[in-house]
Every structure is written in structure tokens, then in C-alpha cells.
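Here are the chains, one letter per residue:
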Amino acid sequence: MALVGKKFPNLEVNAMNDMGDTFKINVFEEAKNNSKKVLLFWYPKDFTFVCPTELHAFQEALAEFEKRNVMVVGASCDTPEVHFAWLNTPKDDGGIEGVTYPILADSNRNLANQLGILDISNENYNEETGVYTVEGDNVTYRATYLIDEEGTVFHEGINHMPLGRNVKEFIRLIDAYTHVQEKGEVCPANWEEGKEAMNANRKGVASYLSSN
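Now for a look at the structure at hand. Everything numeric in this text was worked out from a predicted model, so none of it was measured.

1. Observations regarding the overall build of the protein
Within the protein one finds seven helices and nine strands. Split into buried and exposed, the 212 residues of the protein put 43% on the buried side. Long-range pairs, those at least 24 residues apart, make up 61% of the contacts in the protein between residues at least 6 apart in sequence. A total of about 11400 Å² of accessible surface is found on the protein, and carbon and sulfur atoms cover 48% of it.

What follows is the structure, given as C-alpha cells:
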């Protein structure tokens with residue numbers, strides 16, 4: 001189920017920060033109440049392989065997101081305690097020490113279930129025992145949501161487990177959406193900040209294509 005153009009689920013989830021504090025975050029309310037955009041990215045598991053490279057990449061770009069009034073939030077189905085252990089593991093030992101943005105701990109999978117991003121398949125029900133079994137790890141794919149100041153999703157993407165994300169692309173998408181909000185123009189293929197946009201009509205596209 002695509003969420004683009006719809007409100008992000010209004011749900012409170014446990015989170016952990018680098019200080020070891022467990023608290024609640026409602027991503028929808030963070031966007032609306034603080035008039036911020038939110039980048040929420042999910043990864044499969046703490047203490048794995050591609051995952052720490054992504055968490056560090058988002059940390060390295062954090063100032064660029066904050067400059068654009070964007071809150072960055074990581075998320076997985078690990079518990080807050082496991083998050084904190086990983087946050088205290090040095091980078092050269094596969095850890096995420098130095099990451100400062102909050103990380104959701106959706107251990108009950110309430111939000112991940114609503115988003116439909118869990119790695120489960122072949123759900124079976126045993127009538128004799130009344131037990132459901134599934135295949136898969138029941139962890140999330142690499143899903144990313146960009147949410148605007150009204151709590152509306154303007155981008156979502158899901159990568160399979162082995163495929164790390166390009167953090168720069170999310171900065172480009174945020175810049176493009178902000179341009180649309182502020183200028184009323186639309187952004188053509190491969191648009192980047194400072195490049196020509198266009199009016200959303202026949203004359204606009206003709207003018208753009210004639211010069212590009």
C-alpha cells in the first residue's frame with residue numbers, strides 16, 4: 001500500500017538516543033507540531049553489515065538535513081537496550097558510536113506492520129494447534145519515508161536487504177519538494193538545487209525541453 005500523498009500513521013513508538021534515554025516519538029506529530037520535514041529510514045537489524053554504513057552516512061549528512069529543517073530518525077525492530085549497546089560500540093568494531101539522531105525501537109512491530117515493510121512470507125495457519133507460522137526474519141526492509149510539515153508522505157522507497165541507500169538522493173528530493181512548495185514550479189528529471197525548474201503546463205514543458 002503506497003503512502004505517498006497520504007498522512008503518515010499517527011502512532012507513538014519507543015526510541016533511544018545516544019545518551020541512553022528511552023522516550024516516545026510520534027513521527028507524524030514531530031512533523032506537524034514542529035513544522036519540520038522528517039526523514040525516517042528503516043534498517044533490518046542492529047549489529048549487522050550494510051546497516052552501520054547507512055547509519056554513519058546519515059550522521060555524516062546530518063548538518064545538511066538540519067540546515068533544511070529536516071529531522072532525521074532511524075528505525076528498526078530491535079529493542080532500546082540493543083540500540084544503546086550498538087550506540088556504544090566503536091565504529092572500527094562495526095558499531096554506530098557517534099550517531100546522535102534518535103532511533104525508533106519498534107520491537108512490537110506496530111508501526112512496521114502498519115507500513116507493510118516486514119520481511120515475512122508464506123504465512124501458514126495450523127488448524128489443529130491454532131498457531132500461525134511465517135517464513136522470513138520478521139524484520140524490516142530498508143524503507144525510507146520523507147514527510148512534510150503537514151505529516152504527508154512525499155516520498156517512500158524500499159530497498160531489499162543487501163542494497164544500501166544513497167543519502168545524497170534524499171537531500172535532492174527534499175530540495176526539489178521544497179522548491180515546489182516555495183516556487184510553485186515542478187522539478188524535471190535529474191533536477192538539482194540551482195538548476196532550471198518549469199511551470200506545470202504545456203508551455204512550461206515546451207520551453208524547458210527546447211533549452212535542455
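What follows continues from the structure just given.
2. Remarks on the pairing of strand E9 (residues 153–159)
The two faces of the sheet receive side chains in turn, since in a regular strand these alternate between them. Inspection of the sheet shows strand E8 (residues 142–147) paired to E9 by six bridges, in the antiparallel sense. For alanine 143, the partnering residue across the bridge sits in E9 and is isoleucine 158. Counted between consecutive antiparallel strands, the loop separating E8 from E9 contains five residues, among which glycine 151 sits at a positive phi close to 85 degrees.

3. Some remarks on the packing of aromatic side chains
Applying the stated criterion across every chain yields a total of 10 aromatic pairs. Ring centres 4.7 Å apart and planes at 40 degrees place the aromatic pair tyrosine 125 and tyrosine 132 in the tilted group. With a centroid separation of 3.9 Å and an interplanar angle of 10 degrees, the aromatic rings of phenylalanine 154 and tyrosine 177 are classed as stacked. Here the residue phenylalanine 154 occupies a position in strand E9, and tyrosine 177 occupies one in helix H6 (residues 167–183), the gap between them amounting to 23 residues. Phenylalanine 154 gets classed as buried once you look at its relative accessible area, which sits at 15%. For tyrosine 177, a relative accessible area of 24% gives the class partly exposed. Cluster of aromatic residues (ring-pair linked, three or more members): Phe41, Tyr43, Phe47, Phe58, Phe65, Trp86, Tyr101 and Phe170.

4. Structural notes on the sheet that holds E8
The mixed open sheet is built from seven strands, whose spatial order is E2-E1-E5-E4-E3-E8-E9. Two strands close off the open sheet at either side, each with one partner strand: strand E2 (22–26) and E9. Taken pair by pair, the neighbouring strands of this sheet meet at an average axis angle of 30 degrees, ignoring direction.

5. Considerations on the nonpolar core
Leu39, Phe41, Leu55, Phe58, Phe65 and Tyr101 are the most contacted members of the largest nonpolar core, which totals 25 residues. Secondary structure elements with two or more residues in this core: strand E3 (37–42), helix H2 (50–60), helix H3 (62–67), strand E4 (70–76), helix H4 (80–87) and H6. Examining the composition of this core, we find that five residues originate from one element, H6, more than from any other. Look past the residues within four positions of leucine 39 in its chain and what remains in contact with it is Phe58, Phe65, Val70, Met71, Val72, Val73, Thr144, Tyr145, Leu146 and Phe170. If you look at the next biggest cluster of nonpolar residues, it comprises 24 residues, including Phe8, Val27, Tyr145 and Val153.

6. Comments concerning H4
Note on helix geometry: an α-helix contains 3.6 residues per turn, so any two residues three or four positions apart are oriented the same way. Taken as a whole, H4 has its buried residues at Pro80, His83, Trp86 and Leu87. Down the axis of H4, the sector holding all buried residues measures 120 degrees, keeping them to one side. Considering only its buried residues, H4 is in contact with strand E1 (12–16), E2, H2, E4 and strand E5 (103–105).

7. Topic: the pattern of salt bridges
All told, the structure shown has nine salt bridges when counted by the stated rule. A salt bridge links arginine 165 to glutamate 54; the nearest nitrogen and oxygen atoms lie 2.7 Å apart. In this pair, arginine 165 is assigned in the loop between E9 and H6 and glutamate 54 in helix H2, connecting sequence segments 111 residues apart. Judged by relative accessible area, glutamate 54 falls into the buried class, the value being 4%. Salt-bridge contacts for lysine 67 lead to glutamate 64; the nearest nitrogen and oxygen are separated by 3.2 Å. With lysine 67 and glutamate 64 both in helix H3 and three residues apart, this pair spans about one turn of that helix.

What counts as what
Residues numbered from 1 in each chain as written. Predicted model: local features only at pLDDT ≥ 70, side-chain atom pairs only at ≥ 80, totals over all residues. Heavy atoms only, no water. Helix = DSSP H or I, 4+ residues; strand = E, 2+ residues; numbered from the N terminus. Buried < 20%, exposed > 50% of the residue type's maximum accessible area, 1.4 Å probe, protein only. Contact = heavy atoms within 4.5 Å. Areas by Shrake-Rupley, 256 points an atom, 1.4 Å probe, with all protein chains shown as cover. Pairing = 2+ DSSP bridges. Phe/Tyr/Trp six-rings, centres within 6.5 Å; stacked < 30°, edge-to-face > 60°. Axes fitted to C-alpha atoms, helices over the stretch in contact; angles between N-to-C directions. Core = buried A, V, L, I, M, F, W, Y, C linked by side-chain atoms within 4.5 Å. Arc of directions from axis to C-beta. Salt bridge = Lys/Arg side-chain N within 4 Å of Asp/Glu carboxyl O.

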